[in-house]
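Results of the structural survey
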Amino acid sequence: MGQPNVKWGHVEKFFLARGYEIRHSGGDKIIVAPKHASPTGTRRTVLIGHNYSDHKGEVLAPGHLSAIKRAFGVTREQILAEG
Amino acid sequence: MKSRRSSRGFTKPVRNRGQKGGGAVKEKMSKISLQDIAVIYFSPADESWVAHSVYTDQLGLGLTPTKALAELMRLVDKLLAMASTDDSIEYLRKAPEEVIDRLKKCKPFPLEWFEVAHNIARGTYPDGSVEEPADALDADTYSANLGENLCAAA
């Protein structure tokens, strides 16, 4: 049995609950870390292009989940546990 | 192009704030300049082509290499536009080593496909047009140099 899919809704809910900023821009999604997430106050940012919706039902591609993990240290399991 | 050479030989991006009172010129000059490299490869896990920015660690996905590159162009342009108006946006992040390693065995992305990707990113490519014939693919990894303001209107 494969891993459960992570949909955009899971990601949005998880990050909004933690003070991240979610922006929508022409179908693209932008996740911006809160200032307190880094000691220097800079905010890491991940952009998810609208081509992700080519995947069935707004399921995020593994590449996007890897990018989120590299940028924010958040795993798919953490995101799914929230949802 | 505003840039400077680092001790390691890379060209580092710099913020170009322009001059006071420049109007439209000031607006254009406030963009951040970035000479980036895209690594374009087919990812079986994603069931898509992936275009990965070496210096920002952003990625674009697409069913063809040109669509993936077009998405990356658009996203990096948006990221730089955000960073030019908000100093807190961290836009530089190195891609993972496995992506850097792909640079060693990739082919240059064909210029004609690059131009198509550019037009798709700018929204000036007709819907339904064919970007590249599938049988024209002669490699599974390509690279392309990305300049500044890729999506800016001509």
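Scroll up for the structure.
Residues numbered from 1 in each chain as written. Chains lettered and ligands numbered in written order. Predicted model: local features only at pLDDT ≥ 70, side-chain atom pairs only at ≥ 80, totals over all residues. Heavy atoms only, no water.

1. Quick notes on helix α1 (residues 8-16) of chain A
All names here are of chain A. Short version of the rule: For each residue, the accessible area found with a 1.4 Å probe, counting protein chains only, is set against the maximum for its type, and the residue is called buried under 20%, exposed over 50%, and partly exposed in between. In this text, helices come from DSSP runs of H or I with a minimum length of four residues, and strands from runs of E with a minimum of two, each type numbered from the N-terminal end. It is the directions from the helix axis to the C-beta atoms that the arc portrays. Residues are treated as being in contact if the distance between any of their heavy atoms lies within 4.5 Å.
Taken together, the buried positions of α1 are occupied by Trp8, Val11, Phe14 and Phe15. Burial along α1 is one-sided: seen end-on, the buried residues are contained in an arc of 130°. At its buried positions, α1 is contacted by β1 (21-25), β2 (28-32), β3 (43-48), α2 (62-72) and α3 (76-82).

2. Topic: the side chain of Thr45(A)
Residue and element names in this part refer to chain A. The condition is simple: What qualifies as a polar contact is a pair of N or O atoms within 3.5 Å, subject to a donor-acceptor requirement within protein and to the restriction that residues adjacent in sequence count only when both atoms come from side chains.
Position of threonine 45 relative to the elements: it lies in strand β3. Take threonine 45: its relative accessible area is 0%, and that puts it in the buried class. There is a polar contact of 3.3 Å between the side chain of threonine 45 and the backbone oxygen of arginine 43.

3. What to know about the packing of aromatic side chains
Stated formally: Pairing of aromatic rings covers Phe, Tyr and the six-membered ring of Trp, with a centre-to-centre limit of 6.5 Å; geometry is then stacked below 30 degrees between planes, edge-to-face above 60, and tilted otherwise. Only when the NZ of Lys or the CZ of Arg is both within 6 Å of the ring centre and within 35 degrees of the ring normal is a charge said to sit over the ring.
By the definition in use, this model includes nine aromatic pairs over all chains. Look at Tyr20(A) and Phe72(A): their rings are 5.2 Å apart centre to centre, the planes differ by 85°, and that puts the pair in the edge-to-face class. One end of the pair, Tyr20(A), is in the loop between α1 and β1; the other, Phe72(A), is in helix α2, with 52 residues separating them in the sequence. Note on accessibility: Tyr20(A) and Phe72(A) belong to one class, buried. Joined through ring pairs, the aromatic side chains of Phe42(B), Trp49(B), Phe109(B), Trp113(B) and Tyr142(B) make up one cluster. Looking at Arg18(A), its charged tip hangs above the ring of Phe14(A), at a distance of 3.7 Å from the centre. Its end group placed over the ring of Tyr41(B), Arg102(B) keeps NZ or CZ at 3.9 Å from the ring centre.

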